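# Observations on chain architecture
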Amino acid sequence: MNTVSSLFDLRAARLSLNGTVGLVPTMGYLHEGHLSLVSRAKAENKHVIVTIFVNPTQFGANEDLSKYPRDLERDLSLLRPLGVDLVWMPTAEVMYPSGYQTWVEVDALTSPLEGAMRPGHFRGVTTVVAKFFNATQPTKAYFGQKDAQQAAVIRRMVTDLNFPLEMVICPTTREADGLAMSSRNKYLNEAERKAATVLFRSLSGAKALYEGGERNAETLREKMKAVLATEPLAQIQYVSCADYDSLAELEIITGKALLSMAVFMGKTRLIDNFVLG
Ligand code: PAF
């Protein structure tokens, strides 16, 4: 497994890879969810590139970038047995050279949900991911369904900017009790960790109504809120039942829909979602 930091070394290493390349962009502090993306990329491509970069431009002023968990040695030891060819760990100076002023922005899709709660977040995500795509020239790029809006926004960017690659969105990896895996779960204390299963329970409750024939989106939103309200440690930021493609809030579900939510568990902000239909 080749590990590089500079663009020069990345380009030289990329040139030596012949055949299909699967890219898994990450911010490190890897968990089973990331590893499942890497395994899928390995199964579907001749080569796999993983990027590890805690991207400063996708953190808001009130989100503590310096506290984001990092453990590079552990990350590399998890990737080595998976047959990853190349790990790119650029510095902030490589990604954002002095005087940086070029941004990639997706319009309407970034307005609701995470975009509304985290202004500027998706501009940082699409800019850095576009730069990863340019530098690594992947055949396929792998992202988790856990960040549903991120996947939709990047898919839009790939279409709009004619990136010659295929997006692969992989299912959310969950703990045995249903909690979606996330690097941020590390911030939860014991009581919050127990309480955090309420997100999965609330999504499951709404899904059960849907499977029983309910198509009124507000009824599903109310169900999710009602289950979340049973957990005193949970503070709802938003609960949504939206069209899967446009992310616009629905009145009646007629096609594919996205149930999603952001919930504070103490100081930790958790997101989760289910796709319906
Ligand atoms: O999902 C993430 O970990 C990040 O948003 C990504 C896609 C690696 C961009 O920094």
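Residues numbered from 1 in each chain as written. Predicted model: local features only at pLDDT ≥ 70, side-chain atom pairs only at ≥ 80, totals over all residues. Heavy atoms only, no water.

### Considering helix α9 (residues 198-211)
- With 14 residues, α9 ought to run about 20 Å at 1.5 Å a step, and its terminal C-alpha atoms sit 20 Å apart, in line with that.
- All buried positions along α9 are accounted for by Val198, Leu199, Ser202, Leu203, Gly205, Ala206 and Tyr210. Angular distribution of buried residues about the axis of α9 spans 155°; they occupy a single face of the element.
- Structurally, α9 contributes buried residues whose contacts are with α8 (190-195), α10 (217-229), β7 (234-243), β8 (257-265) and β9 (268-276).
- With its phi angle positive at about 110°, glycine 213 sits one or two positions after the end of α9. (Helix = DSSP H or I, 4+ residues; strand = E, 2+ residues; numbered from the N terminus. Expected span 1.5 Å × (residues − 1). Buried < 20%, exposed > 50% of the residue type's maximum accessible area, 1.4 Å probe, protein only. Arc of directions from axis to C-beta. Contact = heavy atoms within 4.5 Å.)

### Observations regarding the sheet that holds strand β1 (residues 2-4)
- Taken together, the six strands give an open sheet; going across it, the order is β1-β4-β3-β2-β5-β6, and neighbouring strands pair in parallel fashion. A single partner strand is all that each edge strand has here, and the edge strands are β1 and β6 (166-170). The sheet shows a mean angle of 25° between the axes of neighbouring strands, taken without regard to direction.
- Sheet strands touched by helix α1 (residues 7-15): β1, β2 (21-26), β3 (47-52) and β4 (86-88). Its angle to β4, the strand with the most contacts, is close to 155°. (Pairing = 2+ DSSP bridges. Axes fitted to C-alpha atoms, helices over the stretch in contact; angles between N-to-C directions.)

### Some details on the pattern of salt bridges
- Inspection of the entire model under this criterion finds 12 salt bridges.
- Note that glutamate 218 and arginine 221 form a salt bridge whose closest N and O atoms lie 2.8 Å from each other. Taken together, the residues span about one helical turn, with glutamate 218 and arginine 221 both in helix α10 at a distance of three residues.
- On the basis of relative accessibility, which here comes to 35%, the residue glutamate 218 falls in the partly exposed class.
- A salt bridge links lysine 225 to glutamate 222, with the nearest nitrogen and oxygen atoms 3.8 Å apart. Highlighted residues: lysine 225 and glutamate 222, both in helix α10, separated by three residues, approximately one helical turn.
- In this structure glutamate 222 comes out as partly exposed when scored by relative accessible area, which is 39%. (Salt bridge = Lys/Arg side-chain N within 4 Å of Asp/Glu carboxyl O.)

### Describing the environment of tryptophan 103
- Checked against the element boundaries, tryptophan 103 lands in the loop between α4 (92-95) and α5 (113-117).
- Among the residues examined, tryptophan 103 registers a relative accessible area of 31% and is labelled partly exposed.
- In contact with tryptophan 103, not counting residues within four places along its chain, are Thr57, Tyr96, Arg123 and Thr127.

### Comments concerning the packing of aromatic side chains
- Applying the stated rule across the entire model yields 10 aromatic pairs.
- On the basis of an interplanar angle of 75° and a centroid distance of 5.9 Å, the ring pair of tryptophan 88 and phenylalanine 132 is categorised as edge-to-face. In this pair, tryptophan 88 is assigned in strand β4 and phenylalanine 132 in helix α6 (residues 121-136), connecting sequence segments 44 residues apart. One exposure class covers both tryptophan 88 and phenylalanine 132, and it is buried.
- Aromatic side chains phenylalanine 133 and phenylalanine 163 sit 5.3 Å apart centroid to centroid with 75° between the ring planes, which places their arrangement in the edge-to-face category. Residue phenylalanine 133 is found in helix α6, and its partner phenylalanine 163 is found in the loop between α7 (148-160) and β6; the two are separated by 30 residues along the sequence.
- Phenylalanine 163 sits in the buried class, given a relative accessible area of 13%.
- Ring pairs connect the aromatic residues Phe53, Trp88, Tyr96, Tyr100, Trp103 and Phe132, which therefore count as one cluster.
- Over the aromatic face of tryptophan 103 sits the side chain of arginine 123, whose NZ or CZ is 3.9 Å from the ring centroid. (Phe/Tyr/Trp six-rings, centres within 6.5 Å; stacked < 30°, edge-to-face > 60°. Lys NZ or Arg CZ within 6 Å of the ring centre and 35° of its normal.)

### A short note on the site of the ligand
- Close to the ligand lie Pro25, Thr26, Met27, Asn55, Gln58, Val128, Val129, Phe143, Asp147 and Gln150.
- At 2.6 Å from an oxygen atom of the ligand is found a side-chain nitrogen or oxygen belonging to glutamine 58.
- Taking glutamine 150, its side chain carries an N or O atom lying 2.7 Å from an oxygen atom of the ligand.
- About the coverage of the ligand: the protein hides 89% of its 290 Å² of free accessible area.
- Among the elements of the structure, β2 and α6 are those that each provide at least two residues to the shell around the ligand.
- Tallied by class, residues from the shell around the ligand come to five nonpolar, four polar and one charged. (Near = heavy atom within 4 Å. Polar contact = N/O pair within 3.5 Å; in protein donor to acceptor, adjacent residues only side chain to side chain. Areas by Shrake-Rupley, 256 points an atom, 1.4 Å probe, with all protein chains shown as cover. Nonpolar A, V, L, I, M, F, W, Y, C, P; charged D, E, K, R; others polar.)

Don't take any of this as a statement about function, it's just geometry.
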